Amino acid sequence: MTDTLLPNGIEDSGGDAKYFKRGCNPLAQTGRSKLQNTRAGLNQQIIKQMRMRAGAENLLKATNNNKVKEMVLLELSYVNSNLQLLMGQLEGLNSSVDVYQSSQETAHIPLIALGLKETKEVDFSAPFKDYILEHYNEDGRSFEEEIADLMDLRQACRTPSRNDAGVELLAKYYGHLPLIENRFFSPTRQTGIFFTWYDSFTGVPVCQQNLSLEKASVVFNIAALYSQIGTRSNRQKAAGLEEAISAFQKAAGMLNHLKETFTHTPSYDMSPAMVSMLIRLMLAQAQECIFEKIALPGIMNQFNSLIKMAQEAAKVSEIYDQVHQSMIQMPIKDNVPFFWSTMSLVKTNHYRAIAHHFMASALLDHELGPNDDEDQQEKTLSQVYDQLPEGCSPLDILKDKDERERIGKAHMRRAIASHEEALRNHGLCQQQDKHDVLQEILKASHQRSLNKYTDFESEEEFADYIEAPDIISKTEHKAEMELPASTKGPLSVFSAKQKWTPPRKILVCAEDRDLGFTLKGEAPVQVVSLDPLSKAAADGLKEGDYIVAVGDRDTKWMGVSDMMRLLKDVDEEGIEIQVVSMIDNSPTMPTKSATFSGNLPKTYSMICLAYNDDDKASKSRKVAKKSSFLSWGLKNKTKSASTLSLPTSDQTGTLPWNKPIPTFPSSSSYNDTSFH
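Quick caveat: nothing in here was measured; it's all calculated off a predicted structure.

Each value, and the rule that gives it
Residues numbered from 1 in each chain as written. Predicted model: local features only at pLDDT ≥ 70, side-chain atom pairs only at ≥ 80, totals over all residues. Heavy atoms only, no water. Helix = DSSP H or I, 4+ residues; strand = E, 2+ residues; numbered from the N terminus. Buried < 20%, exposed > 50% of the residue type's maximum accessible area, 1.4 Å probe, protein only. Contact = heavy atoms within 4.5 Å. Areas by Shrake-Rupley, 256 points an atom, 1.4 Å probe, with all protein chains shown as cover. Core = buried A, V, L, I, M, F, W, Y, C linked by side-chain atoms within 4.5 Å. Domains from an automatic or database assignment. Axes fitted to C-alpha atoms, helices over the stretch in contact; angles between N-to-C directions. Parallel < 35°, antiparallel > 145°, perpendicular 65-115°, else oblique. Left-handed = near helix turned anticlockwise from the far one by under 90°. Nonpolar A, V, L, I, M, F, W, Y, C, P; charged D, E, K, R; others polar. Salt bridge = Lys/Arg side-chain N within 4 Å of Asp/Glu carboxyl O. Patch = residues over 30% accessible without salt bridge, like charges linked within 9 Å, V, L, I, M, F, W, Y side chains within 5 Å. Lys, Arg positive; Asp, Glu negative; His and termini not counted. Charge placed at Lys NZ, Arg CZ, Asp CG, Glu CD. Expected span 1.5 Å × (residues − 1). Phe/Tyr/Trp six-rings, centres within 6.5 Å; stacked < 30°, edge-to-face > 60°. Pairing = 2+ DSSP bridges. pLDDT = per-residue confidence, 0-100. Arc of directions from axis to C-beta. Polar contact = N/O pair within 3.5 Å; in protein donor to acceptor, adjacent residues only side chain to side chain.

Engineer: Help me understand the overall build of the chain in this model?
Structural biologist: When you go through the chain residue by residue, the secondary structure sums to 19 helices and 14 strands. In the chain, buried positions account for 52% of the 676 residues. Within the chain, counting contacts between residues at least 6 apart in sequence, those at least 24 apart form 75% of the total. Approximately 32200 Å² of the chain is accessible, and the part contributed by carbon and sulfur atoms is 49%.

Right under this line is the structure:
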């Protein structure tokens, strides 16, 4: 247990040092932890009121006594009022964005972070020990420490730290779940373990006995943690903005993974419609940070630079408008905090105003000079507008000073109008009153546009006012989802959906520098194009086999290039490899699950990879030494193994079923480029 624990320097009342898992500190007294504790308390009160309401409704249906009905109706009105108050308090918690912002003194518009889903404690001890005794014929008490480690890991995931270590903690537990499902969750026997998770928006609990809800909720919390990392980043520095961009893109990637893999979760915060809206929100915030990164070094007061910034701001406004439109659709509108939809509308108008301000500055402050590239400016301006006022062309605007000023002032008027609309929207939400920084930014932006317009306004001027045309949004760096690395590679191949042969040892020899087969795949590597006359084929190698070890080295997580480097020096004496083959696993009566998709048809199979030792030949039973059920699938020197478990790659982990899990989504999928 100690290899995953780190001292935090906190002592309990007895003076003994407290130890917590890396990436977790349940005693941290931060604003975020206090808010999460308040959320947990509200969830308990909500479930209490819902039980009272359910009881009252059942009594109302069962009784014919009018006096009793009157009393029950009175009680129901009281309970419903309490529920509305509790829901309002929960909405207030989801609107508390200040606690998630950077601790640095910044003057930035607040970003929205997702709150972590709350869950109840789960006791695996008795059900797992009983299952070990009944199914594997081993003494469950021999594995008390391993089961305790698993329970400690799950408990630590309830209070992850807001950094990469916290994400790794959640990812580690998520990686264990398919292996646990394979060993303990049989399709023919209920374990009696109930997983309860609370909706992060409504506080309504959802309880299931299978692991689908557990997996989906952990994925949601990984996305939520990434969103909190993004909001915490210091946006006054380029490195902080890069961290925020990457974090929000990872949050979107995890939410997309949730949407594609768990399509029927009964919790509304993980429904496809809600998750789609959250993906848009995360990408909008990433695009906002990209805009801030471009503007951070300062904006050059040049025609092309100002046009570029106008289109970048228009892109941010466009994405936030899409977010707002999705938030006001039913039934999302009833569950999303009003503050969120108001904030998205404020940002839509704010960045639209910024776009028109930059466009106006480009036209009012810069005239076409003899040294300017007329063709280039005409091309740039023609890409800004879809439609110009009748009788007006980009070249006319560039060459005619009066026309240029007329269009420029029209853009400035529209900027002022959008700023005023943003301020009006800001005043509609009660929670917005607490955000003085946001109000100051909106007012300062509005005043800047007013001052600019005043500089070019003439009292003697009675020219007809025209409506400024819309600005085409454009960005050089579009925010995109970073797909989680866990959706590919060994975790998808060595999954609970597949059934495997025990590892077989094959002697591979080189004949004229030819091994007799070729390889494919990222990780794990698969054998293809096998020469039937090769020594490897004679020793039992088959096409489609997966190489899981070369010599004493585990290779489940290696790609083709790494594998070829291991095998390039093989001589005529050869080297021993271990391979596994996939067994056809077509059940006659699959267990149905309404909460797990995995890109399968609408009826989903949750087949536990059980393998009956009685099916083995008596000869093999005599030769093979029975290994512990928790060590099945681990690399060992004996040839005996059970197909009941998935191959794993780490013998040194605290849990025998522990696999090295890459932190996902991988940060390598986002390559930041410098902005010019």
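Having seen the model, we can carry on.
Engineer: Hey, could you run me through the environment of Phe517 in this one?
Structural biologist: As for its placement among the helices and strands, Phe517 is situated in the loop between strand S6 (504–508) and strand S7 (518–520). Each C-alpha atom of the pair Phe517 and Ala536 lies 8.4 Å from the other, and the pair is 19 residues apart in sequence.

Engineer: Please clarify how the nonpolar core should be interpreted in this entry.
Structural biologist: Among soluble globular proteins, nonpolar side chains are generally buried collectively. Ranked by internal contacts, the top residues of the largest apolar core, which has 112 residues, are Leu255 and Trp340. Ranked by residue count, the leading element in this core is helix H8 (residues 272–295), at 14 residues. Split by domain, the residues of this core number at least three in each of domain 2 (100–298) and domain 3 (299–485). Within the second largest apolar cluster, 19 residues are counted, among which are Phe517, Leu519, Val527 and Ala537.

Engineer: What is the right way to look at the packing of helix H11 (residues 338–365) against helix H14 (residues 401–428) in this model?
Structural biologist: Any two packed helices are characterised by how steeply their axes cross, that is the angle between the axes, and by the distance between the axes. At a minimum axis distance of 7 Å, the contact between H11 and H14 shows a crossing angle of 160°. Classed by the angle they form, the pair H11 and H14 counts as roughly antiparallel. Classified by chirality, the crossing of H14 by H11 is left-handed. Here the residues of the contact of H11 with H14 sort into 14 nonpolar, 11 polar and six charged.

Engineer: Mind showing me how you'd approach the pattern of salt bridges here?
Structural biologist: Between side chains of opposite charge, a pair can form as their charged atoms come close. Here the structure, examined in full by the defined rule, presents 20 salt bridges. Between Arg158 and Glu121 there is a salt bridge, with its nearest N and O atoms 3.9 Å apart. Taken together, the residues Arg158 in the loop between helix H4 (144–156) and helix H5 (164–184) and Glu121 in the loop between helix H2 (66–94) and helix H3 (125–136) connect sequence positions 37 residues apart. When its relative accessible area of 23% is taken as the criterion, Arg158 is described as partly exposed.

Engineer: What is the right way to look at unusual backbone geometry in this model?
Structural biologist: Backbone geometry follows two general trends: most residues other than glycine have a negative phi, and most peptide bonds adopt the trans configuration. Pro331 follows Met330 through a cis peptide bond whose omega is 0°. Its place among the elements puts Pro331 in the loop between helix H9 (303–327) and helix H10 (332–335). The phi dihedral of Ser529 is positive, around 50°, even though this residue is not glycine. In this fold, Ser529 is placed in the loop between strand S8 (526–528) and helix H17 (535–538).

Engineer: What's the story with a negative patch on the surface in this structure? I'm lost.
Structural biologist: Residues Glu511, Asp512, Asp514, Asp531, Asp569, Asp571, Glu572 and Glu573 make up a contiguous surface patch of negative charge. Here Asp571 is to be found in the loop between helix H18 (560–567) and strand S11 (575–580). Residue Asp571 is classed as partly exposed on the basis of its relative accessible area of 39%.

Engineer: For this particular structure, what's the right way to read H4?
Structural biologist: Given 3.6 residues to a turn, an α-helix orients residues that are three or four positions apart in the same direction. Spanning 13 residues, H4 covers 18 Å between terminal C-alpha atoms, matching the ideal 18 Å at 1.5 Å per step. For H4, every residue scored as buried is listed here: Glu146, Ile147, Asp149, Leu150, Leu153, Arg154 and Ala156.

Engineer: Just checking my understanding: could you explain the packing of aromatic side chains for this structure?
Structural biologist: Here a ring pair, both rings aromatic, is described through the centre-centre distance and the interplanar angle of the planes. Under the counting rule described, the total for this entry stands at seven aromatic pairs. Summarising the aromatic geometry, the rings of Phe124 and Phe195 are spaced 6.2 Å apart at their centres and angled 50° between planes, so their arrangement reads as tilted. Separated by 71 residues along the polypeptide, Phe124 in the loop between H2 and H3 and Phe195 in strand S3 (residues 195–198) bring together distant segments of the chain. We note that Phe124, like Phe195, is buried. Plain terms: the ring middles of Phe185 and Phe195 are 6.2 Å apart, the flat faces sit at 35° to each other, and that makes the pair tilted. With a gap of 10 residues between them, Phe185 in the loop between H5 and S3 and Phe195 in strand S3 connect regions that are remote in the sequence.

Engineer: Help me understand the pairing of strand S4 (residues 205–208), please; the structure alone is not making it clear to me.
Structural biologist: On any regular strand, side chains alternate: one points to one face of the sheet, the next to the other face. Burial along S4 is one-sided: the residues Val206 and Gln208 are buried and none of Pro205 and Cys207 is. In this sheet, S4 lies alongside S3 in antiparallel orientation, the contact comprising four bridges. Each residue of the ladder has a partner; that of Thr196, found in S4, is Cys207. Counted between consecutive antiparallel strands, the loop separating S3 from S4 contains six residues, among which Gly203 sits at a positive phi close to 75°.

Engineer: I tried to follow the environment of Lys250 on my own but got confused; where do I start?
Structural biologist: With respect to the element layout, Lys250 can be found in helix H7 (residues 238–261). In sequence terms Lys250 and Glu480 are 230 residues apart; their C-alpha atoms lie 8.9 Å from each other.

Engineer: Help me understand the confidence of the model for the chain in this model?
Structural biologist: Close inspection of predicted coordinates is inappropriate in any region flagged by low pLDDT. For the chain, per-residue confidence averages 75 on the pLDDT scale, and residues scoring 70 or more make up 72% of the total. For the chain, the element scoring lowest by mean pLDDT is strand S14 (residues 604–605), at 30; H8 scores highest, at 94. Note that residues 1–18 has pLDDT below 50 and, in this model, 33 contacts with residues that lie over four places away or in other chains. Scored below 50 in pLDDT, residues 587–676 shows 224 contacts in the model against residues more than four places distant or in partner chains.

Engineer: Any chance you could explain helix H12 (residues 374–382) here in plain terms?
Structural biologist: Of all the residues in H12, the buried ones are Gln377, Thr380 and Leu381. Seen along its axis, H12 keeps its buried residues to an arc of 95°; they face one direction. In the core, the buried residues of H12 are packed alongside H9, H11, helix H13 (394–399) and H14.

Engineer: Explain the side chain of Lys347 to me, please; I cannot follow it from the model alone.
Structural biologist: Within the element layout of this structure, Lys347 appears in helix H11. Of the residues examined, Lys347 reaches a relative accessible area of 1% and is grouped as buried. Among the polar contacts listed, one links the side chain of Lys347 to the side chain of Glu288, at a separation of 2.9 Å. Polar contacts involving the side chain of Lys347 include one to the side chain of Tyr320, which spans 3.2 Å. Residues contacting Lys347, with those up to four places away along its chain left out, are Ile109, Pro110, Leu111, Glu288 and Tyr320.

Engineer: How do you make sense of the pairing of S6 when you look at a structure like this?
Structural biologist: Because side chains alternate across S6, one face comprises the buried residues Arg504, Ile506 and Val508, and the other comprises Lys505 and Leu507, none of which is buried. In the sheet, S6 pairs with S11 via five bridges, with the strands oriented antiparallel. Across the sheet, the residue bridging to Leu507 is Glu576, located in S11.

Engineer: Even after reading the chapter, I still don't get the packing of H5 against helix H6 (residues 212–232), so can you show me in this structure?
Structural biologist: Here H5 crosses H6 at 170°, and the two axes come no closer than 10 Å. Relative to H6, the element H5 is oriented roughly antiparallel. Along the contact surface, H5 presents Asp164, Gly166, Val167, Leu170, Ala171, Tyr173, Tyr174, Leu177, Pro178 and Glu181, while H6 presents Glu214, Lys215, Val218, Val219, Asn221, Ile222, Leu225, Tyr226 and Ile229. Its residues placed into classes, the contact of H5 with H6 shows 13 nonpolar, two polar and four charged.

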